[in-house]
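Observations on chain architecture
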Amino acid sequence: MSKWILFLLLVVNVIGQNEFDKHVRKLTKQLKSPDEQSKIAALHSLGHLGEHAAPAIPMMISLLKKPQSKVAQKTLETFARLGAVAKPAGYELIKLLSSKDKKTVLLVRKALIAMKDGAVGQLLKNIDHESTKVRCHILFILGEIRSLDTHSFILNKLNDNEWQVRFAALEALGKIGANKAQQEVLQRLFDENLQVQILAVKTCGAIKPANEMFLPPLAKIFAKDSLVLRKAILQSISDMKITSVKINKILVRSLRNKKMQKLAIKAIGKIRSVKMTKELLPFLQDSNTNIKIAAIDSIGNLENEALVFLDDLIPIATDGSVRVRMHTANAIGKIGEKAATAAMPVLLSLLEDIESEVQTYAAIALGKMGKKAVSILRDIIIHKPRLRSHAAYALGQIGRDSIPTLIELLNKPQKSVQFYAAEALGRIEHEDTQQAIPILIKLLKQSKNKQQFVEVLGKIGPKAANDLIPLLAEKKWQVRKAAADTLVLIGPAVIPLLAQTVRHNNKYVVLYSISVIGRLQDKSLAPSLVEIYKSTPDAQIKKSIVIALGQVKEGVSILNDALLLPSLREEALVAIEKIARDAPQTVNNLATVLQKEQWHLRKKAARCLSQIGKPAVAKLMDVLANGDRIAQAFSVIALGNMGQDAAQAVPQLITTLHQTNDKALKENIMFALVSIKVQIKDIMMALQKYLSSEDLRLKRAAILAIGKMGELGAVYIPKFLYEAQQSPKKLRSVVVNAIAEMGEKAIRYIVPFLKNKEMLHREIIAAALGKMGQSAHKALPFIVSALENSSGDARKEMIKAIRDIGPQGAFAIPMLSVFLRYEDWQVRELAAQAIGAMGKKAEIAVPVLLPLLGDSSWPVRNAVSETLAKIGGQTTVLGLTTALRKPFVELRIHALITLKDLGPQAYSAVDEILKILRSDSSVRVRSNAIYALGKIAPKETKVRRELVKLLKDKNWQIRQAISFVLKQERD
């Protein structure tokens, strides 16, 4: 990069940094203001400045003197956003942990957690604080920070005199990792406080691998008469997944207590003890469905070992509960083949269950019953169409033993039977499936829906290939295509066979064999393809070979020759584009195409040349010097697409730029130069000349081209703004796009221009920043600052920019709320949209937004409605419900539209909407009330009853709205 550009960028960088420093000083001064809102706005801005906000930290600390004030709480929120930058405030924050105000404490904890390791030092200094509450908060914060360096300090607190501190220490250890503190956890099992004991019990279960040393104390504690503690022990035993005599006694005792039964049953299921599972049999007849299902699942968890309980499971399969039947089928399936003889009848009855979920579970279970289920499933596929898909799934799960039956089914005349049999075969991975190849080939030829058989044959593999080759010669193209698709699915294993078929005497076989080779991208047969290309006179075969060579990325010499043949040229260009980097020998022929062929072929040739890179530069320069107008244009585009590979072409491009009279070519050269980005000084000097051109087209191109140079182009922003000032209608949007193109890195150079006296300049800069979207979030404080003293279109563009940059501009909501009352309806609309872009963060603006639902301007009403829908929440719903009682028709209508957009979250407004539906005098209001109810609670009984009643309403619009809502609900 040239020294003069580096110097200019350095100057602009210093200016940008100075602007940041000035902005922070201004905000720090603003923190001294007696106005509360002014302080809050300054804190909003500082929160978005990151490390730049460090000089303001001392002043922010001074705002904490009244912890419960809005300013102090906003300061705490700002510290949380700044994270480690706010480390100097750590001591003052810890002092506030003793506050009686819960919100203050929560904000302090959040700020200290955000500081991470930066807060650990101060926290450890105060870990022995005299206040129990403070010690607890510090332990909680350390647990969230999860620093291993704090482990020993937290362990010491397990012996604190206050149970709350011991609880907090144990909780923190659980977050950091309690494996190294097992002895300490063991001691806490006998803590005098119940809450600490419960947490210690849960921690025992969380330690992995499970340690049996916890079992005796857990058994001893279980003897205490505390239901909460016993439940915690059951959960811990369940997590440990180990068994012993002591655990069995605990489980048996728990099964006798109705309040602990479900937990005990689940624990037995996780432990997987046959001995303990016997204790669950009485619960299979329990009147409580959830208890019954827990017992079934626990038995199923034993898998093969659950065979001894099969006779107990079978009777439950006829239970009246769908869930019980589903879980029973699942449990029987887990037992496997050993259960087949006894379980088959019950599973078949479940397969015909009226509930599809039960059928699915029964099919899965039958699939695990092995060959004993095959003949029954065969009969189901033949005779019971409704159950075919489930039976096919089960046969596929059974695997090898079902193959003969599936082959038999493929020979049945019913097409759906054939389809499901093929589907089941496709699920089986075994060599015996090759026995089905002849019948599958036959069905592939005959069937209209060939894809199912293509996929199955593709899965069966290489053995099917020999039978598929003859199909490549079939008269019907659909059969030929299906056979080729199947060969591709089989994969590289068919290559040896294709080596013979590419020389077949049938043209179709040759063509489809070549196509399969290309699609498989196999290079081993490329020499054969080249040889056939040279020997065959058939143009169609030649074309197919050219396409295949492009796919396998070989045969450059053939592709180069094909460029000279009109019938093959287009295919050759497509193929060369895929291997361009390895095809420098095609440059001359590509250049010939570039200069003499049709427009679309020239475009493809230029694309190939650009991908070849450096070896093509000289030829493209020659075309630029001697080619026709179209060839010159494409050569310039190709050079630009090469980027820095085209560096040697820069001098010629600049010369041509100055010499040619072709404006389109000049434009192309400008954009090519900025894509190459080599010899920056020469390029910038060349482009700079056209910034003062009288030709508007060239001036636009130069501005856009310089914008594409990124932050390097930032030095020309003053010139851009000057030109836009001279021709605002013609150049404004171009300048906006150019500045936006400079990107995030150039923001520090762009934001100082927001202070220009000319409102047009501010307008353009704001529009450019808005166009950058969220990447321009660092500019938000500057936009908000400039918004205060901007007017006209500049003000509108700044509000638009805040809207387009999005949620990170939430700190601007108070200022945007002021513009909601502005006399210009466009400003009100934009302010509403900008607030909406902040989402749920904008809840504070709801009271100001609600009255604007009745605004005199419909765009404002629509914008406010959309914004309220984005904000959502019960505050919004409550405000909208209140608005429904207002006398203004438009206000009520847009309140209803917003409630409709909020959907089910607006349920609390249903009663008020029903009142309006019954009594409002406006048909439009009543219609919107109907549509709102349709989105909020269409299935609610009282809503349906009211809507059905009004189907006889006198007004046709009301009847139509109700019919629409009821139809939607049915659909």
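Not measured: the values here are computed from a predicted model.

Cut-offs applied
- Residues numbered from 1 in each chain as written.
- Predicted model: local features only at pLDDT ≥ 70, side-chain atom pairs only at ≥ 80, totals over all residues.
- Heavy atoms only, no water.
- Helix = DSSP H or I, 4+ residues; strand = E, 2+ residues; numbered from the N terminus.
- Rg over C-alpha atoms; globule rule 2.2 N^0.38 Å.
- Buried < 20%, exposed > 50% of the residue type's maximum accessible area, 1.4 Å probe, protein only.
- Contact = heavy atoms within 4.5 Å.
- Areas by Shrake-Rupley, 256 points an atom, 1.4 Å probe, with all protein chains shown as cover.
- Axes fitted to C-alpha atoms, helices over the stretch in contact; angles between N-to-C directions.
- Parallel < 35°, antiparallel > 145°, perpendicular 65-115°, else oblique.
- Left-handed = near helix turned anticlockwise from the far one by under 90°.
- Phe/Tyr/Trp six-rings, centres within 6.5 Å; stacked < 30°, edge-to-face > 60°.
- Lys NZ or Arg CZ within 6 Å of the ring centre and 35° of its normal.
- Domains from an automatic or database assignment.
- Buried area = accessible area lost by both parts, 1.4 Å probe.
- Salt bridge = Lys/Arg side-chain N within 4 Å of Asp/Glu carboxyl O.
- Polar contact = N/O pair within 3.5 Å; in protein donor to acceptor, adjacent residues only side chain to side chain.
- Nonpolar A, V, L, I, M, F, W, Y, C, P; charged D, E, K, R; others polar.
- Patch = residues over 30% accessible without salt bridge, like charges linked within 9 Å, V, L, I, M, F, W, Y side chains within 5 Å.
- Lys, Arg positive; Asp, Glu negative; His and termini not counted.
- Charge placed at Lys NZ, Arg CZ, Asp CG, Glu CD.
- pLDDT = per-residue confidence, 0-100.

Observations regarding the overall build of the chain
Helix and strand counts for the chain come out as 60 helices and 0 strands. For 971 residues, the compact-globule estimate of 2.2 N^0.38 gives 30 Å, and the C-alpha radius of gyration of the chain, at 39 Å, exceeds that figure by more than 25%. Principal axes of the C-alpha set define a box for the chain whose edges measure 100 × 95 × 75 Å. Taken across its 971 residues, the chain has 56% of its residues classed as buried. Considering only contacts within the chain whose residues lie at least 6 apart along the sequence, 67% involve residues at least 24 apart. Accessible surface, the chain: about 44500 Å² in total, of which carbon and sulfur atoms supply 51%.

Here's the deal with helix α37 (residues 587-596)
Buried within α37 we find Val587, Asn589, Leu590, Ala591, Val593 and Leu594. Looking at the buried side of α37, the elements it contacts are α35 (556-562), α36 (569-578), α38 (599-612), α39 (617-626) and α40 (629-642).

Here we look at the packing of α36 against α38
As a packed pair, α36 and α38 sit with axes 9 Å apart at the nearest point and diverge in direction by 25 degrees. Looking at the two axes, α36 sits roughly parallel to α38. Seen along the crossing, α36 lies across α38 with a hand that is left-handed. Of the residues in α38, those in contact with Arg569, Glu570, Leu573, Val574, Ile576 and Glu577 of α36 are His600, Leu601, Lys604, Ala605, Arg607, Cys608 and Gln611.

Points about the packing of aromatic side chains
Here the structure, examined in full by the defined rule, presents 5 aromatic pairs. With 5.4 Å between their ring centres and 85 degrees between their planes, Phe419 and Tyr420 make a pair best called edge-to-face. Taking relative accessible area as the criterion, Phe419 reaches 26% and is therefore assigned partly exposed. The ring of Phe140 carries Arg109 above its face, with NZ or CZ at 3.9 Å from the centroid. Over the aromatic face of Tyr508 sits the side chain of Arg480, whose NZ or CZ is 3.8 Å from the ring centroid.

Observations concerning the domain arrangement of the chain
You can read the domains of the chain as domain 1 (280-368) and domain 2 (370-429). On a C-alpha basis, the centroid separation for the pair domain 1 and domain 2 is 23 Å. The interface of domain 1 with domain 2 comprises 16 residues on the first partner and 14 residues on the second. Overall, the association of domain 1 and domain 2 removes approximately 1300 Å² of surface from exposure, summing both partners, and the carbon and sulfur fraction of that is 63%. The tally of links between domain 1 and domain 2 comes to 1 salt bridge. Note that Glu352 and Lys384 form a salt bridge whose closest N and O atoms lie 2.5 Å from each other. In this assembly, domain 1 and domain 2 are joined by 3 residue pairs in polar contact (both at pLDDT 80 or more). Going through the elements one at a time, α21 (340-351) and α22 (356-366) are the ones with two or more residues in the side of domain 1 that touches domain 2. Tallying contributions element by element places α22 first for the side of domain 1 that touches domain 2, with 6 residues. Residues that form the side of domain 1 that touches domain 2 fall into these classes: 7 nonpolar, 5 polar and 4 charged.

Thoughts on the side chain of Glu723
One can find Glu723 in helix α45 (residues 717-726). Residue Glu723 is classed as buried on the basis of its relative accessible area of 5%. Within the local environment of Glu723, its side chain forms a polar contact with the side chain of Lys719, the two groups lying 2.9 Å apart. Filtering out sequence-adjacent residues up to four positions away, Glu723 remains in contact with Leu691, Ser692, Lys699 and Leu731.

Some thoughts on helix α16 (residues 261-271)
When α16 is considered as a whole, its buried residues turn out to be Gln261, Ala264, Ile265, Ala267, Ile268, Gly269 and Ile271. Along its buried surface, α16 packs onto α14 (227-240), α15 (245-255), α17 (274-277) and α18 (289-300).

Concerning the pattern of salt bridges
Throughout the structure, instances matching the rule amount to 49 salt bridges. In this structure, Arg325 and Asp353 form a salt bridge, with 2.7 Å as the shortest nitrogen-oxygen distance. Taken together, the residues span a long stretch of sequence, with Arg325 in helix α20 (residues 322-335) and Asp353 in the loop between α21 and α22 at a distance of 28 residues. Both residues of the pair, Arg325 and Asp353, belong to the buried class. The closest approach of N and O atoms between Arg607 and Glu577, which form a salt bridge, is 2.9 Å. Placement of Arg607 in helix α38 and of Glu577 in helix α36 is noted, with a sequence separation of 30 residues between them.

Some words on a positive patch on the surface
Judged by side-chain charge, Lys208, Lys241, Lys262, Lys266, Lys270 and Arg323 come together as a positively charged surface patch. Tallying contributions element by element places α16 first for the positive patch, with 3 residues. Locating Lys270 in the fold gives a position in helix α16. By relative accessible area, Lys270 is classed as partly exposed at 40%.

Description of the confidence of the model for the chain
Mean pLDDT over the chain works out to 85, with 97% of the residues at or above the 70 mark. Predicted confidence is poor over residues 4-17, with pLDDT under 50, and the contacts of this stretch with residues over four places away or in other chains come to 22 contacts.

Focus on the packing of helix α7 (residues 117-125) against helix α8 (residues 132-145)
Contact pair α7 / α8: the axes reach a minimum separation of 11 Å and the direction vectors enclose 150 degrees. The angle between α7 and α8 falls in the class roughly antiparallel. The crossing of α7 and α8 is left-handed. Mapping the contact onto sequence places Asp117, Val120, Leu123 and Leu124 in α7 and Ile138, Ile141, Leu142 and Ile145 in α8. Among the residues making up the contact of α7 with α8, the classes are represented as 7 nonpolar, no polar and 1 charged.

Re the side chain of Thr536
Summarising the element assignment, Thr536 is placed in the loop between α33 (526-535) and α34 (539-552). By relative accessible area, Thr536 is classed as buried at 13%. In contact with Thr536, not counting residues within four places along its chain, are Ile541 and Lys542.

Details of the environment of Ala705
Among the secondary structure elements, Ala705 is positioned in helix α44 (residues 696-707). Between the C-alpha atom of Ala705 and that of Met684, which follows or precedes it by 21 residues, the distance is 9.6 Å. Not counting the four nearest positions on each side in its chain, Ala705 is found in contact with Met670, Phe671, Val674 and Leu687.

So, unusual backbone geometry
Phi at Arg146 is positive, roughly 60 degrees, even though this residue is not glycine. Considering the arrangement of structural elements, one finds Arg146 in the loop between α8 and α9 (151-156). For Arg146, a relative accessible area of 46% translates into the label partly exposed. One non-glycine residue, Gln679, lies in positive phi territory at about 60 degrees. Topologically, Gln679 is positioned in the loop between α42 (663-676) and α43 (680-690). Residue classification places Gln679 among the partly exposed positions, given a relative accessible area of 33%.

Some words on the environment of Ala267
Assignment of secondary structure puts Ala267 in helix α16. Each C-alpha atom, one on Ala267 and one on Val456, is 44 Å from the other, the two residues being 189 residues apart in sequence. The residues contacting Ala267, other than those within four sequence positions of it, are Leu234, Ser238 and Leu251.

Regarding the environment of Gly873
Summarising the element assignment, Gly873 is placed in helix α55 (residues 873-883). Judged by relative accessible area, Gly873 falls into the partly exposed class, the value being 25%. Here the alpha-carbon distance between Gly873 and Asp379, two residues 494 residues apart in the chain, equals 57 Å.

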